[in-house]
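Tertiary structure, described
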Amino acid sequence: LFRASGPKTDVALLLLSGLLAGLAYSVRNVGIAIFPAVAVSYAVLAVLRLLPPKVALWRISCWSLGAALILIPLFIRNLDVFGSLLPYHMAPSKLGLLVNIRYFLAALLVDVTAHPNWIYPTFWDNAMYVAIMIALAALAAIYRKSLVRLWREGSIQKKAVLVISGAYFAFGAAVVIIA
């Protein structure tokens, strides 16, 4: 998807990216976050005038066609076997929003640091939690200037990568936190 975000529309890459997104969803339904993320990303790129609306619509259509080639047979199968397009029903979390956010942040830090034995025990200590959040805020402040510079000086493709990555992070986090 990132490589297809350059100045010229690469239909083959968009179709392939959509196919891969459809495959990812068919394997694990948490992949559902990519669909609204891509749609919102192309809408944002059009609103910010980084892409003409016609081009954004064409790209999302090509990407969606690739995803549909996997999703339509999957949904037909789900209807036939389960009687529902989305047979994956989960009870709502009983932990509460703040605890779910804390679990998400702990898992994110484990992914970034690769140290679950250090992160999980300390993350539930409130003083350590505050220290970690301050450190993350400091990192965000440090890299803010780099991101702003990248945005100002970046090509359309780099801006598209930032928008798509940010949208996917936000939608992915929402799916995990809400579940």
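Residues numbered from 1 in each chain as written. Predicted model: local features only at pLDDT ≥ 70, side-chain atom pairs only at ≥ 80, totals over all residues. Heavy atoms only, no water.

Some remarks on the packing of helix H4 (residues 97-113) against helix H5 (residues 116-123)
Packing of H4 against H5 leaves a shortest axis separation of 9 Å and a crossing angle of 155 degrees. It follows that H4 is roughly antiparallel to H5 by the angle criterion. Classified by chirality, the crossing of H5 by H4 is right-handed. Counting all contacts with H4, which are made through Arg102, Leu105, Ala106, Ala107, Leu109, Val110 and Thr113, the residues of H5 involved are Pro116, Ile119, Tyr120 and Phe123. (Axes fitted to C-alpha atoms, helices over the stretch in contact; angles between N-to-C directions. Helix = DSSP H or I, 4+ residues; strand = E, 2+ residues; numbered from the N terminus. Parallel < 35°, antiparallel > 145°, perpendicular 65-115°, else oblique. Left-handed = near helix turned anticlockwise from the far one by under 90°. Contact = heavy atoms within 4.5 Å.)

Points about the environment of Tyr168
Within the secondary structure, Tyr168 sits in helix H7 (residues 156-178). Residue classification places Tyr168 among the partly exposed positions, given a relative accessible area of 37%. In sequence terms Tyr168 and Leu14 are 154 residues apart; their C-alpha atoms lie 16 Å from each other. Not counting residues up to four positions away in its chain, the partners in contact with Tyr168 are Ala33, Ile34 and Ala37. (Buried < 20%, exposed > 50% of the residue type's maximum accessible area, 1.4 Å probe, protein only.)

Some words on H4
Between its first and last C-alpha atoms H4 spans 24 Å; for 17 residues at 1.5 Å apiece the expected length is 24 Å, and the two agree. Tucked into the core, H4 has its buried residues touching H5, helix H6 (126-153) and H7. (Expected span 1.5 Å × (residues − 1).)

A look at the nonpolar core
Counting residues in hydrophobic clusters, the biggest one holds 21 residues, and the most contacted among them are Phe35, Tyr42, Leu45 and Trp63. Listing elements by their share of this core, those giving two or more residues are helix H1 (11-27), helix H2 (34-47), helix H3 (53-82) and H7. Of the residues forming this core, the biggest block, seven residues, is contributed by H3. Setting aside residues up to four positions removed in sequence, Phe35 forms contacts with Ala21, Gly22, Tyr25, Trp63, Ala67 and Leu71. Of all hydrophobic cores here, the second largest spans ten residues; its members include Ala106, Val110, Phe123 and Ala173. (Core = buried A, V, L, I, M, F, W, Y, C linked by side-chain atoms within 4.5 Å.)

Function-wise, these values are silent; they only describe arrangement.
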